[in-house]
Amino acid sequence: QVQLVESGGGLVQAGDSLRLSCAASGRTFTSYVMGWFRQAPGKEREFVSAIRWSGGDTLYAHSVKDRFTLFRDSAKNTVYLQMNSLKPEDTAVYYCAADRSAWGVRSEIRHYDFWGQGTQVTVSS
């Protein structure tokens, strides 16, 4: 079992930056893929970004590419989502997730086995 705890959400203005953190604990997860998803009110949960813990391969949704950066700190067992140039449409609850299958960096929700509780990000115009 892997426990994931997100933090770093908040209320910001358009153009501002935020850094979300996902602290992982539990069994060994160095072969896992760590992902971020988001869900806006009335919308389905969507993929944002993912990273292979070992190797650092990353994948980004088109809507956040060149604005968001995902990286990990192995010493702290933490994955960070650096979000720059935030837009009102980035407003959502952001969830950290872990894929234990070691198949590779994937964007489909069904591949992720463990989830955090979510952190709210609100971007005002």
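Residues numbered from 1 in each chain as written. Predicted model: local features only at pLDDT ≥ 70, side-chain atom pairs only at ≥ 80, totals over all residues. Heavy atoms only, no water.

Visitor: For the pairing of strand β8 (residues 78-83), give the residues involved together with the corresponding values.
Guide: Each regular strand displays side chains that alternate between the two surfaces of the sheet. Counting buried positions along β8 yields six of six residues, so the element is predominantly enclosed. Across the two faces of β8 the burial is the same, with Thr78, Tyr80 and Gln82 and Val79, Leu81 and Met83 all buried. The hairpin formed by strand β7 (residues 68-73) and β8 contains four residues between the paired strands, and Asn77 there has a positive phi angle of roughly 50 degrees. (Buried < 20%, exposed > 50% of the residue type's maximum accessible area, 1.4 Å probe, protein only. Helix = DSSP H or I, 4+ residues; strand = E, 2+ residues; numbered from the N terminus. Pairing = 2+ DSSP bridges.)

Visitor: Summarise the environment of Gln82; cite the residues concerned and give the values.
Guide: On the secondary structure map, Gln82 appears in strand β8. Residues Gln82 and Phe71, eleven residues apart in the sequence, show an inter-C-alpha distance of 8.2 Å. A distance of 2.9 Å separates polar atoms of two side chains, one belonging to Gln82 and the other to Asn84. (Polar contact = N/O pair within 3.5 Å; in protein donor to acceptor, adjacent residues only side chain to side chain.)

Visitor: Run through the packing of aromatic side chains, naming residues and quoting values.
Guide: Counting across every chain of the model gives six aromatic pairs. Between Phe71 and Tyr80, the ring centres sit 5.3 Å apart and the planes meet at 25 degrees, which makes this aromatic pair stacked. Given a relative accessible area of 13%, Tyr80 falls into the buried group. In this structure an aromatic cluster arises from ring pairing among Phe37, Phe47, Tyr112 and Trp115. Geometry around Tyr95 places Arg45 over its ring, the cationic atom sitting 3.7 Å from the centre. (Phe/Tyr/Trp six-rings, centres within 6.5 Å; stacked < 30°, edge-to-face > 60°. Lys NZ or Arg CZ within 6 Å of the ring centre and 35° of its normal.)

Visitor: Explain the environment of Asp66 residue by residue, including any values.
Guide: Tracing the backbone through its elements, the reader meets Asp66 in the loop between β6 (58-60) and β7. Distance in space between the C-alpha atoms of Asp66 and Ser17 is 13 Å, their sequence separation being 49 residues.

Visitor: Help me get a handle on the state of the cysteines, residues and values and all.
Guide: With the rule as written, the count across this model stands at one disulfide. In this model, Cys22 is linked to Cys96 through a disulfide, with the two sulfur atoms separated by 2.0 Å. One quick way to see it: the torsion about the S-S bond of Cys22 and Cys96 is about -75 degrees, and its sign makes the bridge left-handed. Of the two residues, Cys22 is situated in strand β3 (residues 18-26) and Cys96 in strand β9 (residues 92-99); the sequence distance between them amounts to 74 residues. (Disulfide = S-S within 2.5 Å.)

Visitor: So what's going on with the sheet that holds β8? Which residues, and what values?
Guide: What the four strands build is an open sheet, ordered β1-β3-β8-β7; its pairing is antiparallel. Each of the sheet's edge strands pairs with one partner strand only, and the pair in question is β1 (2-7) and β7. If you compare each strand with its neighbour and ignore which way they point, the axes differ by 20 degrees on average. As paired elements, β1 and β3 share six bridges and run antiparallel to each other. Residue pairing in the sheet places Glu6 in a bridge with Cys22 of β3. (Axes fitted to C-alpha atoms, helices over the stretch in contact; angles between N-to-C directions.)

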